[in-house]
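# Architecture and fold: a report
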Amino acid sequence: MSKDESCSTVQSEMPRVSRLVVNQNDERIISYDYRESPPRGLGLWIRRRGRVLWSYSIVLKCLPILCWLPKYRWIDLMYDIIAGVTVALTAIPQSIAYGILSHLGPERGIYSNVLGCLAYTVFGSVKDVTIAPTSLTAIMVQDVVKELGYGTALLTFLAAIVTISFGALNLGVLVRFISIPVVMGFTSAACLTIGSAQIRTLLGIKTQGKRSDFVTSWTNVFTHLNEVRLPDCLLGGCSIVFLVLFRLTKNLGQGRWRYFFKFLCLLRNAIIVIIGAALAYCLTTDMDNPVFNLTGHVPAGLPSFQVPPFSYTNENGTEYSFGEMIGVMRLSIITIPLVTTLEIVSVAKAFSQGKVIDATQEMIALGMSNLLVSFCSPLPVAGSFTRSALNHNSGVRTTMSCAITAIVLMLALEFLTGALYYIPKATLGAVVVSAMLFMIDYEEIGNIWRTKKLDMIPFLATALACLFYELDYGILVGIGINGCFLLYLMSSPRLSAEEFQLSELRVLLVCIDQSLVFSSAEALRNWVLKQIDQRNHIDLVVINGENVHFADTTVAKNFVSIEQDLAVRHIRLMLWRFEANVAFSLLRLRKELFITMLRAELLLPEAVARWKHLHYLPSDISS
């Protein structure tokens, strides 16, 4: 047999640890160097992936509209029109409210909604999901808007590019590092921040604070109490009461009345805004001194398309280069894609009805939506749970409903801007505040406390950092604390030890409950030596590696150190039931040392007996 044929035979046996055990004294096994094989067929793999990427199946996956449009029926159109129009009635007041919340103006919220819906019609894979500006996206761009104004469109553009890149590279897995306590802390703090920013509007105070964070919002309210307007207070308070009552009626009645109350609840925002606008129109006699603070002029018609600015001069005449604009945006370029991805995936899963959600395609759809939005509006979009629920309950059939919603919004921009002028800001503030009251999941916070009180640490840390510093940094604080927890768990494997008398040897069996990495290697070594110091007359230490699926260079070096430390104490070391890939990593480091330690018999007595027969030499140790 030639050398190449011999190596090939050995290599084919390597994946089976049992072969390593049976043939430990086989010259082929001893002489084999166990090196990792270099990647083969890389060019072939690239060519295959290239053919897949340019295949028609990938086109269908990236453009779901090509799947459902050829099978589209007139009955589907009827249902989609009903759903699209119903969603649009809620989208108009909410988009205006979030446009004002972001300090960009009411029309920007509608522009973002129109373009986001059109893009999701083509790229979206979940029929129920509706793309629109949300309270979170509005609050996350506030500080950037105050410095850059329309230049914030660059933030939306860059966030879109990041989201599309994450989707193309299948990096949706990054969202898994945002735990439920961190999400709950961020959401709760965001709701309190958004609600606090609307208190000024509900009270009729016109003066804006320097920022819209939690502390500044309340400071601004208390320092301008002399500007409080009674009509706005009454309208805002009554609007919140009616919106809450409407929401509580969704489960009332039986049969047709149940459907009536359900749709009354779903359309509550549109109803209260229409009532508020009607009151403002009837009570306003002097346009220069209206009874309520009104939304004001909303530009008619569709927005003009323009490339997002890569340098910008704001209203104060301050010039910003591209690098300076990036400095203003800071972490928002990353946190907005993370938060909006989390939103759209959560919404998609909520309405998936048991179907598997393609998170990658949803990320691409979200990225393409924001990419299109960035050419006409700086306000980014995300998955809207409220409007998606309304879409679902309206019997939507395909994502064509998003296109219908966009068409209705465009018609509103063309013909209803006169009516939009009279919408009271207090009513819009009530719409936002009432949404925030129900957005906090109080039951889930209780579940965190009952399930694992340790999870309250990232929850509270995230919430407090978001409230008293910034939302962007707050979520990173929570992720960082969770990362510390993960590092601690990785660095502190659970170890246990038990003594046996086997084959006339006093054996200490050490069990490990997880894989070993460089951060846990020293902990294992110190723990084993501590156990030895607490016991007498140990002849053999056996480390059970059945739960160890990975080991790196540092771990292998520490096994060498453990063997040397035990040898000083006249104790031998045996590695039992390690997986093949872990065993080969050890053999690649010191083959002549580890070849005598590794055993893979299923039963410990057999492994100890076989090891003693082959390798245990008491005379050598005593000498």
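Let us look at the structure shown here.

### As for the nonpolar core
With 99 residues, the main nonpolar core has Tyr120, Phe186 and Met329 as its most contacted residues. When residues no more than four places from it in sequence are discounted, the contact partners of Tyr120 are Ser125, Val126, Val129, Ile131, Ile344, Glu362, Ala365, Ser369, Thr399 and Cys402.

### Structural notes on the packing of aromatic side chains
Applying the stated criterion across every chain, the model contains ten aromatic pairs. Here the aromatic cluster, defined as three or more aromatic residues joined through ring pairs, consists of Phe157, Phe310, Phe322 and Phe375. Its end group placed over the ring of Trp449, Lys453 keeps NZ or CZ at 4.8 Å from the ring centre. When the ring centre of Trp576 is taken as reference, the NZ or CZ atom of Arg577 above it lies at 5.2 Å.

### Brief notes about the layout of surface pockets
A water-sized probe rolled over the atoms picks out the places where empty space is left. Put simply, the largest pocket is a space of about 1,400 Å³. Together, 47 residues line the largest pocket, and Val347, Phe385, Thr386, Phe438 and Met439 are the ones closest to its centre. Per-class residue counts for the lining of the largest pocket are 25 nonpolar, 14 polar and eight charged. In this structure, the second largest pocket encloses a volume near 630 Å³. In terms of lining, the second largest pocket is formed by 37 residues, of which the most central are Ile100, Arg200, Thr201, Gln208 and Lys425.

### Thoughts on the state of the cysteines
One pass over the full model with this rule turns up zero disulfides. Between Cys402, a cysteine without a disulfide, and Cys117, which holds the nearest cysteine sulfur, the sulfur-to-sulfur distance is 4.8 Å.

### Description of the pattern of salt bridges
Evaluation of the coordinates by the stated rule reveals 13 salt bridges. Put simply, Arg590 and Glu592 hold a salt bridge, and the shortest N to O gap is 3.0 Å. Overlapping salt bridges, with partners in common, bring together Arg73, Asp76 and Arg397 in one network.

About the criteria used
Residues numbered from 1 in each chain as written. Predicted model: local features only at pLDDT ≥ 70, side-chain atom pairs only at ≥ 80, totals over all residues. Heavy atoms only, no water. Core = buried A, V, L, I, M, F, W, Y, C linked by side-chain atoms within 4.5 Å. Buried < 20%, exposed > 50% of the residue type's maximum accessible area, 1.4 Å probe, protein only. Contact = heavy atoms within 4.5 Å. Phe/Tyr/Trp six-rings, centres within 6.5 Å; stacked < 30°, edge-to-face > 60°. Lys NZ or Arg CZ within 6 Å of the ring centre and 35° of its normal. 1 Å grid on protein atoms, 1.4 Å probe; cavity = no way out; pocket = protein on both sides within 12 Å on 5 of 7 lines; lining within 4 Å. Points joined across faces, edges and corners; volume = space filled by probe spheres on them. Nonpolar A, V, L, I, M, F, W, Y, C, P; charged D, E, K, R; others polar. Disulfide = S-S within 2.5 Å. Salt bridge = Lys/Arg side-chain N within 4 Å of Asp/Glu carboxyl O.

Function cannot be read off these values alone, since they describe shape.
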